[in-house]
Each structure stands twice: as C-alpha cells, then as structure tokens.
Amino acid sequence: MSLENPTPKIYQQNVEINEQRRRQELDPNVADPIDQQEIFDIIRSLKDPEHPLTLEQLHIVSIPDIELQDNQVTIYFTPTIPHCSMALMIGLTISIQLNRCLPKRFKVKVQNSSLINNYQIKRECLQLWKTHQL
C-alpha cells in the first residue's frame, strides 16, 4: 500500500501552557469552563491514520479551527492533501474522541474544511453511534 502523502509537512508541537491556566485547572475552587484549548487538548494527540504523527504535528487541527458556542462544538479539520482518502477516518476519530470525553450536554460537529465527505462523516458517525452506543 502506497501513501497518498509520503512526505507531509511536520509542524512543531506547542507544549507551552500558561502557568496561571495550569493553576486554575488544578484548583478545585475555581470554575473551569470548557474552552477551545481544552477541546484542542482532547484531540491534539490523536494519530493520523496514514502516518505515525499526531493531528497537531501535521497541522490537521489547531485552536483557531475550533468553534465553541454554548454547548455546540464545531471542529474544522484540514487533511494534509485536498482529496485525502483518510478524511472520513480522521473526522470519525475526532468525533468519537470528543463524544467520549466531553459531557453529554455538548453537541459535536466535525467538518472537513475542504468540504469533502462532510455528509459521509455525519452519516458514518450516526451509524457507529447507533451500532455501538458510544
């Protein structure tokens, strides 16, 4: 099996966490609402199905690609190549991870920023959800 993108561009991971944010995250007396950074932290280490690299390292997802409005989370991901055959798998992986990690009150929407396979991602997620009661 040959790779569609044998030499993807690899980006540096951002491991810097604001010290004040870290203290707030650990302090049980401080309200800690779910924000874009927290959602990004949930999906940043997911592996690309084609490469042994994370979605963050390949710049498939980043904080500006995350929209959070009330209990609606929308993730826009960008595959490494425009017509990536793994886009569906990436979208499903992101969706499943967020649905497992976020409180049930959140509705998750995952979209390929190149607008390919969005309908298919929604359909497959729904089918997986019904089949496995994720």
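Residues numbered from 1 in each chain as written. Predicted model: local features only at pLDDT ≥ 70, side-chain atom pairs only at ≥ 80, totals over all residues. Heavy atoms only, no water.

S.K.: Looking at this structure, I do not really get helix 3 (residues 87-101). What am I missing?
M.R.: The periodicity of an α-helix, 3.6 residues per turn, causes residues three or four positions apart to be oriented the same way. For helix 3, which comprises 15 residues, the first-to-last C-alpha distance of 21 Å matches the rise-based estimate of 21 Å (1.5 Å per residue) to within 8%. When we look at burial in helix 3, the residues that qualify are A87, L88, I90, G91, L92, I94, S95 and L98. (Helix = DSSP H or I, 4+ residues; strand = E, 2+ residues; numbered from the N terminus. Expected span 1.5 Å × (residues − 1). Buried < 20%, exposed > 50% of the residue type's maximum accessible area, 1.4 Å probe, protein only.)

S.K.: Just to check I follow, could you spell out the sheet that holds strand 1 (residues 66-69) for this structure?
M.R.: Within a sheet, adjacent strands bond to each other through the backbone by hydrogen bonds, running parallel or antiparallel. Pairing is mixed in the open sheet, where three strands are placed in the order 1-2-3. Every other strand in the sheet has two partners, leaving strand 1 and strand 3 (107-112) as the edge strands with one partner each. Between one strand axis and the next, the sheet turns through 15 degrees on average, direction left out of account. Where strand 1 and strand 2 (residues 72-77) come together, four bridges link them in antiparallel fashion. Each bridged residue has a counterpart across the sheet, and for E67 the counterpart in strand 2 is T74. Seen against the sheet, helix 2 (residues 36-43) touches strand 1 and strand 2 and runs at an angle of roughly 130 degrees to strand 1. Set on the sheet, helix 3 makes contact with strand 2 and strand 3; between it and strand 3 the angle comes to about 165 degrees. (Pairing = 2+ DSSP bridges. Axes fitted to C-alpha atoms, helices over the stretch in contact; angles between N-to-C directions. Contact = heavy atoms within 4.5 Å.)

S.K.: Explanation requested: the pairing of strand 2 in the structure shown.
M.R.: On any regular strand, side chains alternate: one points to one face of the sheet, the next to the other face. As consecutive antiparallel partners, strand 1 and strand 2 are separated by two residues, and within that stretch D70 has a phi angle of approximately 55 degrees, a positive value. Pairing analysis gives six bridges linking strand 2 to strand 3, with the strands arranged parallel. Following the sheet pairing, Q72 is matched in strand 3 by K107. Regarding the hand of the β-α-β motif, the stretch spanning strand 2, helix 3 and strand 3 is right-handed. (Right-handed = clockwise from strand over helix to strand, strands pointing away.)

S.K.: I keep staring at empty space enclosed by the protein and nothing clicks. Help me out?
M.R.: Rolling a probe over the atoms, with the probe sized like a water molecule, indicates the empty space that remains. What the rule picks out here adds up to one cavity of 30 Å³ or more. Put simply, the largest cavity is a space of about 40 Å³. Along its surface, the largest cavity is lined by D48, E50, H51, P79, T80, C84, M86 and I90. Of the residues in the lining of the largest cavity, the class split is four nonpolar, two polar and two charged. (1 Å grid on protein atoms, 1.4 Å probe; cavity = no way out; pocket = protein on both sides within 12 Å on 5 of 7 lines; lining within 4 Å. Points joined across faces, edges and corners; volume = space filled by probe spheres on them. Nonpolar A, V, L, I, M, F, W, Y, C, P; charged D, E, K, R; others polar.)

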